[in-house]
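So the chains spell out like this:
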Amino acid sequence: MTGKKHALITGITGQDGAYLAKFLLDKGYKVFGTYRRLSTPNFWRLQALNIFEKINLIPADLLDAPSVIEAIEISEPDEVYHLAAQSFVAASFEQPIGTAEITGIGTTRVLEAIRHINSKIRFYQASTSELYGRRNTVPQNENIPFSPSSPYAAAKLYSYWITKIYREGYNIFASNGILFNHESPLRGMEFVTRKVSNAVAKIALGIENSIELGNIEAQRDWGYAPEYVESMWLMLQQEKPDDYVIATNEAHSVKIFVEEAFKIVNLDWHDYIKQDERFLRPLDVDLLIGDYSKAKRDLGWEPKIRFDSLVEIMVKEDLRRWERWLKGEHFPWDAPSYQSEAKILTRSLRV
Ligand code: NAP
Ligand code: G4F
């Protein structure tokens, strides 16, 4: 072992995994990350942040307990950040059983490996504001009862509780970060903010002419992902494990996000938005607003990037990427590999 602390990130290829890896490298950690053996590698975020050569990759799948055990044995971590999940709420209605296996039971596979290999390892669980569900009290803090409204949220509720059970039953340092939505130019294209920022950039450059969306009245508390990963690390540096809400305490509707995004390219959003039933969910969470005062008090964490700046960062980065693409430049980036959602064959999620 070197003198450096070791961190293992499950799901290092995702948005948060990539930003957290960069954050921990900057803090002097030796960083390990699990990735899935896909037929085509998915390392673009790590390449975009220029950290691909600096991290240590271990193949592991949450469906496969031995691979999770091996990841922990190989990396000998001081801290495990468990971020891997089937994280797309809409897909959890299409694949509820897979979501339960990965996003729910997958967490127990990681915790069991920790319990058997080294119960001194500190564990972070990527819990979510989706736990609060629809028509709940706002703002939401750590004491508001959960009421999940999707198979994803039900799987995450299981993971939230199993984390507390291992904390209380086995004395493992295990904390839940109840993170509200956080976005960035590295956000997956399925999620509404990036879907909009990417489409607005294409429309402004004449590559596309409309966006099809579902429920644009839904309101979310959107923050900036690079700031949110710091809170994960802070939680594992405390004297005692605990659960914390991480949010901005402001909500905006999808409609307002769309309006602000089009303003950046001087276009009127009304001319480009179409409603498409396929993007409506059987149940949707209407309003999320997080009260992060406990995190501010105990962790000294608070958000800096607010809504308007977030929209601007995302639209400008997608514009820059498409401008470079039009000039024939190739660089690590997901958008060109995405099939137009209009062509994907799925039934409406609502029956
Ligand atoms: P993301 O971009 O979707 O990343 C998910 C990661 O999980 C990817 O690395 C993915 O690998 C991996 N993964 C999926 N299925 C797996 C499996 N069977 N075995 C191993 N790895 C698997 O998600 P994110 O936005 O970074 O979010 C990170 C975590 O925080 C997730 O647990 C999410 O549910 C939770 N969360 C996110 C937010 C948010 O607003 N972003 C808010 C609250 C909580 P591939 O690259 O191979 O697909
Ligand atoms: O961007 P979304 O898909 O994110 P959602 O469902 O809030 O989930 C994200 O945040 C959670 C934290 O609260 C995470 F736990 C989870 O892993 C994920 O990162 O949808 C946001 C809202 C929804 O109400 C959705 O119905 O936007 C609405 N929406 C409207 N039209 C759309 C669309 N969402 C998507 N993805 N695509 C649409 O066309």
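Here the structure is shown first, and the text comes after it.
These numbers were taken from a predicted model, which means no experiment stands behind them. (Residues numbered from 1 in each chain as written. Chains lettered and ligands numbered in written order. Predicted model: local features only at pLDDT ≥ 70, side-chain atom pairs only at ≥ 80, totals over all residues. Heavy atoms only, no water.)

Peer 1: Teacher, can you tell me more about the packing of aromatic side chains here?
Peer 2: Two aromatic rings, taken as a pair, are described by how far apart their centres are and by the angle between their planes. Scanning the entire structure with this criterion turns up 19 aromatic pairs. Seen in terms of ring centroids, tyrosine 81 and tyrosine 124 are 6.2 Å apart; in terms of plane orientation they differ by 40 degrees. Their pairing is tilted. Note that tyrosine 81 is positioned in strand β4 (residues 79-82) and tyrosine 124 in strand β5 (residues 122-128), a separation of 43 residues in sequence. Just as tyrosine 81 is buried, tyrosine 124 falls in that class too. Aromatic side chains tyrosine 132 and phenylalanine 146 sit 5.2 Å apart centroid to centroid with 55 degrees between the ring planes, which places their arrangement in the tilted category. With tyrosine 132 in the loop between β5 and α6 (151-170) and phenylalanine 146 in the loop between β5 and α6, the pair connects residues that are 14 residues apart, well separated along the chain. According to the relative accessible area criterion, tyrosine 132 is buried, its value standing at 0%. These aromatic residues form a ring-pair network of at least three members: Tyr132, Phe146, Tyr160, Trp161 and Phe180. We note lysine 294 situated over the ring of tyrosine 244; from NZ or CZ to the ring centre the distance is 5.0 Å. (Phe/Tyr/Trp six-rings, centres within 6.5 Å; stacked < 30°, edge-to-face > 60°. Helix = DSSP H or I, 4+ residues; strand = E, 2+ residues; numbered from the N terminus. Buried < 20%, exposed > 50% of the residue type's maximum accessible area, 1.4 Å probe, protein only. Lys NZ or Arg CZ within 6 Å of the ring centre and 35° of its normal.)

Peer 1: What is the right way to look at the packing of helix α3 (residues 65-75) against helix α5 (residues 96-117) in this model?
Peer 2: Helix-helix packing: each pair is described by the crossing angle between the helix axes and the interaxial distance. For the pair α3 and α5, interaxial distance at closest approach is 9 Å and the crossing angle is 50 degrees. By the angle between their directions, the pair α3 and α5 is classed as oblique. Both α3 and α5 take part in a crossing whose hand is right-handed. Touching Ala65, Val68, Ile69, Ile72 and Glu73 of α3 are Arg109, Val110, Ala113, Ile114 and Ile117, all from α5. (Axes fitted to C-alpha atoms, helices over the stretch in contact; angles between N-to-C directions. Parallel < 35°, antiparallel > 145°, perpendicular 65-115°, else oblique. Left-handed = near helix turned anticlockwise from the far one by under 90°. Contact = heavy atoms within 4.5 Å.)

Peer 1: Can you walk me through the side chain of arginine 220 in this structure?
Peer 2: Mapped onto the elements, arginine 220 comes out in strand β9 (residues 219-220). Here arginine 220 falls in the buried class, since its relative accessible area comes to 7%. At 2.9 Å, the side chain of arginine 220 forms a polar contact with the backbone oxygen of valine 285. Residues in contact with arginine 220, not counting those within four places in the same chain, are Glu130, Asn181, Glu250, Ala251, His252, Asp284, Val285, Asp286 and Leu288. (Polar contact = N/O pair within 3.5 Å; in protein donor to acceptor, adjacent residues only side chain to side chain.)

Peer 1: Just to check I follow, could you spell out helix α7 (residues 192-204) for this structure?
Peer 2: Residue pairs three or four apart in sequence face the same way in an α-helix, which turns once every 3.6 residues. If you check α7, its first and last C-alpha atoms are 18 Å apart, about what 13 residues at 1.5 Å a residue would give, namely 18 Å. In terms of burial, α7 is a largely internal element, eleven of the 13 residues being buried. For α7, the full list of buried residues reads Thr193, Arg194, Lys195, Val196, Ser197, Asn198, Ala199, Val200, Ala201, Lys202 and Ile203. Summarising the contacts, the buried residues of α7 are in contact with α2 (44-48), β7 (182-183), β8 (211-213), α9 (254-264) and α11 (307-326). Glycine 206, located one to two residues past α7, shows a positive phi value of around 75 degrees. (Expected span 1.5 Å × (residues − 1).)

Peer 1: Where do I start with the side chain of serine 210 in this structure?
Peer 2: The topology assignment puts serine 210 in the loop between α7 and β8. Overall, serine 210 belongs to the buried group, its relative accessible area being 11%. The contacts of serine 210, once residues within four sequence positions are left out, are Ile203, Tyr272 and Lys274.

Peer 1: It is not clear to me how the site of ligand 1 should be interpreted in this structure. Could you clarify?
Peer 2: Of all residues adjacent to ligand 1, which total 26 residues, the nearest are Thr13, Arg36, Asn42, Ser87 and Tyr152. In the model, an oxygen atom of ligand 1 is placed 3.3 Å from a nitrogen or oxygen of the glycine 11 main chain. Separating an oxygen atom of ligand 1 from a side-chain N or O atom of lysine 156 is a distance of 2.8 Å. Of all the secondary structure elements, the ones that give two or more residues to the shell around ligand 1 are α1 (15-26), β5 and α6. (Near = heavy atom within 4 Å.)

Peer 1: I keep staring at the sheet that holds β5 and nothing clicks. Help me out?
Peer 2: Whenever strands of a sheet pair, they do so through backbone hydrogen bonds, lying parallel or antiparallel. One open sheet holds the seven strands; their spatial order is β3-β2-β1-β4-β5-β6-β11, and the pairing between them is parallel. The open sheet terminates on both sides in strands that have one partner only, identified here as β3 (56-59) and β11 (243-246). Between one strand axis and the next, the sheet turns through 20 degrees on average, direction left out of account. In this sheet, β11 lies alongside strand β6 (residues 174-179) in parallel orientation, the contact comprising four bridges. By the bridge assignment for β11, leucine 179 is matched with isoleucine 246. Against the sheet, α6 engages β5, β6 and β11, with an angle of about 150 degrees to β6. Across the sheet, helix α8 (residues 225-236) lies against β4, β5, β6 and β11, angled at about 155 degrees from β6, the strand it touches most. (Pairing = 2+ DSSP bridges.)

Peer 1: Help me understand the layout of surface pockets in this model?
Peer 2: Empty pockets left among the atoms are what a rolling probe the size of a water molecule brings to light. Taken as a whole, the second largest pocket holds about 190 Å³ of empty space. Lining the second largest pocket, in full, are Tyr19, Ala48, Leu49, Pro185, Leu186, Glu317, Arg320, Arg321, Arg324, Phe331 and Pro332. The element that contributes the greatest number of residues to the lining of the second largest pocket is α11, accounting for four residues. When grouped by side-chain class, the residues that make up the lining of the second largest pocket number seven nonpolar, no polar and four charged. Summarising the domain contributions, the lining of the second largest pocket has at least three residues from each of domain 1 (6-183 + 223-246) and domain 2 (192-221 + 252-285 + 306-350). (1 Å grid on protein atoms, 1.4 Å probe; cavity = no way out; pocket = protein on both sides within 12 Å on 5 of 7 lines; lining within 4 Å. Points joined across faces, edges and corners; volume = space filled by probe spheres on them. Nonpolar A, V, L, I, M, F, W, Y, C, P; charged D, E, K, R; others polar. Domains from an automatic or database assignment.)

None of the figures reported here should be taken as evidence of function without further support.
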